[in-house]
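In case you want the letters, here they are:
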Amino acid sequence: MVSGGARAVARCDALGVAPYSDMAHGLYRGYLTTAYAAAQEALAGWMAQAGMTVRRDAAANLIARYEGTLPGAPALLIGSHLDSVRDGGRYDGPLGIMLGVEAVAALHQNGQRLPFPIEVIAFGDEEGSRFPAAMLTSRAVAGTLALDALDLADADGVSLAQAGVNLSDYLSAARAPGSTLAYLEAHIEQGPVLEAEGLAVGTVTGIAAQLRYQAIVKGMAGHAGTSSMPLRRDALACAAEMILAIEGIARADASDLVATVGRIEAMPGAPNVIAGEVRFTIDIRSGDAARRDRAAEAISYALAGIADRRDLDFAIQRVHDLPASPCNVALMDLMDTAIAAVGHPVRRLVSGAGHDAMVMAALCPTAMLFIRCRHGISHNPAEHVDPADVDVALQVMLGFIDRLGATFDPA
């Protein structure tokens, strides 16, 4: 008999290829694409097989419900995201959804109901890999999304409305206050800590605070063969020095602080032309918001100094600011107990990556369970998880749900 963990992994693998990917060779599943719709249809079938009723909300989230025994009780929401980055891995997001389905399937097979209903939700745009707004659909559910934030278009100029959602109804995906008991998300760690310590799973204490900037350096384009070095105003050389400065500031902090330049664009982009303009992103994260903000200030000051010294124009704009999102203390304790109950050491760790859980914290208490992934690799086709570890995660989740049911107070 195939274990629940192995089946969860196999289903993620099944969704890693056409027609569930918009890439011919590799995985890319953007929100509201053809591949996204196909993946939703497959997932809806698995949800129904697990004993749940299935619907889509106004933000095109797929939601499956397993009723509880107490009418009107708030629901435990279990979820993650169904979309992927371009040329990404198969388990970042979908594994948490599949584990939610497997947890309900196990309860249904045993004829077990909790005092509260369980809903498994597949969010659609956590990565922001199609539209420039990460965690769009979880923000809609949490009720933190503004209507003007829906004025979006993808790289091909397709608007959110043209992609297939009704903008006038979109915000109605928000859940009423008090209707959600808690949010639980299982996710691959996307880092090396669990593997380094020989651990299958870990309790997440919270999600690091994030800042993201768009930086622009402007110099003067010129002929690569006739412009002497002393007279050049090379935007790309300036940006290169800036990027090294960003790395140096983060390294010197010697903490959990990380800073990343993940995208860079040099213009006009010809091999025989000095770059006249360069645009790049800066991503700064730390579990301590004050540390993150100090680093951001130091980076901005350093980059401005580099631009001044090179006589180039420099501008920086903050485009993303997500505060640190701690998980609920009582839920972390339940998770620790569930991990210990299946014979595994308890380990708590912070998430440097963002997750839908950080958005859902505005709606209800949150809990996260990390699962070991090979070499900590994620956002990469080499992403890999051991089905045995996923089995452990499933047993932990079932233990967590049982304990949550035992402590549930309908008053």
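Higher on the page you've got the structure.
Please read all numbers here as calculations on a predicted model, not as lab measurements.

Participant: Outline the overall build of the protein chain, listing residues and values.
Facilitator: Of regular secondary structure, the protein chain possesses eleven helices and 16 strands. In terms of C-alpha radius of gyration, the protein chain reaches 23 Å, essentially the compact-globule figure of 22 Å for 411 residues. If you line up the protein chain on its principal axes, its C-alpha atoms span 80 × 45 × 40 Å. Burial analysis of the protein chain (411 residues in total) assigns 50% to the buried set.

Participant: Break down the pattern of salt bridges for me, citing the residues and quoting the values.
Facilitator: Applying the stated criterion across every chain, the model contains 24 salt bridges. In this structure, E247 and R251 form a salt bridge, with 3.5 Å as the shortest nitrogen-oxygen distance. Of this pair, E247 and R251 both sit in helix α7 (residues 235-253), four residues apart, roughly one helical turn. By relative accessible area, E247 is classed as partly exposed at 37%. By relative accessible area, which is 63% here, R251 ends up exposed. Close ionic contact of D336 with R348 constitutes a salt bridge, the shortest N to O distance being 2.7 Å. Of this pair, D336 sits in helix α9 (residues 329-341) while R348 sits in strand β15 (residues 348-351); the two residues are twelve residues apart in sequence, bridging distant segments of the chain.

Participant: Which residues make up the pairing of strand β2 (residues 62-66), and what are the values?
Facilitator: Looking along a regular strand, one sees the side chains alternate between the two faces of the sheet. Summarising burial for β2: four of the five residues are buried, a large majority. Across four bridges, strand β1 (residues 53-56) lies against β2 in antiparallel orientation. When the sheet's bridge partners are listed, R55 is paired in β2 with I63. In this structure, the hairpin formed by β1 and β2 is closed by a connection of five residues, where A60 is found at a positive phi of approximately 65°. When β2 meets strand β4 (residues 118-123), the two strands line up antiparallel, connected through five bridges. Bridging from a neighbouring strand, Y66 pairs with I118 of β4.

Participant: How would you sum up the side chain of D83? Please name residues and give values.
Facilitator: Relative to the assigned elements, D83 resides in the loop between β3 (75-81) and α3 (94-109). R29 provides the closest opposite charge to the buried, salt-bridge-free D83, at an N-O distance of 7.4 Å. A polar atom in the side chain of D83 sits 3.3 Å from the backbone nitrogen of E126. Within the structure, D83 has its side chain in polar contact with the backbone nitrogen of E127 (distance 3.0 Å).

Participant: Pulling in residues and values, what's your account of the packing of aromatic side chains?
Facilitator: Overall, the coordinates contain four aromatic pairs when judged by the stated rule. Taking 5.5 Å as the distance between ring centres and 80° as the angle between the ring planes, the aromatic pair formed by Y31 and Y36 counts as edge-to-face. Classification of Y36 as buried rests on a relative accessible area of 1%. Here the aromatic rings of F116 and F408 are separated by 5.5 Å at their centres, their planes lie at 70°, and the arrangement is edge-to-face. With a gap of 292 residues between them, F116 in the loop between α3 and β4 and F408 in the segment after α11 (387-407) connect regions that are remote in the sequence. Across the pair, F408 and F116 agree in class, each one buried. Ring pairing ties together the aromatic residues Y31, Y36 and F131, which thus form one cluster. If you follow R86 out to its NZ or CZ, it ends over the ring of Y28, 4.0 Å from the centre. Above the plane of the ring of Y66 lies R113, whose end atom (NZ or CZ) is 3.9 Å from the centre.

How each quantity is defined
Residues numbered from 1 in each chain as written. Predicted model: local features only at pLDDT ≥ 70, side-chain atom pairs only at ≥ 80, totals over all residues. Heavy atoms only, no water. Helix = DSSP H or I, 4+ residues; strand = E, 2+ residues; numbered from the N terminus. Rg over C-alpha atoms; globule rule 2.2 N^0.38 Å. Buried < 20%, exposed > 50% of the residue type's maximum accessible area, 1.4 Å probe, protein only. Salt bridge = Lys/Arg side-chain N within 4 Å of Asp/Glu carboxyl O. Pairing = 2+ DSSP bridges. Lys, Arg positive; Asp, Glu negative; His and termini not counted. Polar contact = N/O pair within 3.5 Å; in protein donor to acceptor, adjacent residues only side chain to side chain. Phe/Tyr/Trp six-rings, centres within 6.5 Å; stacked < 30°, edge-to-face > 60°. Lys NZ or Arg CZ within 6 Å of the ring centre and 35° of its normal.

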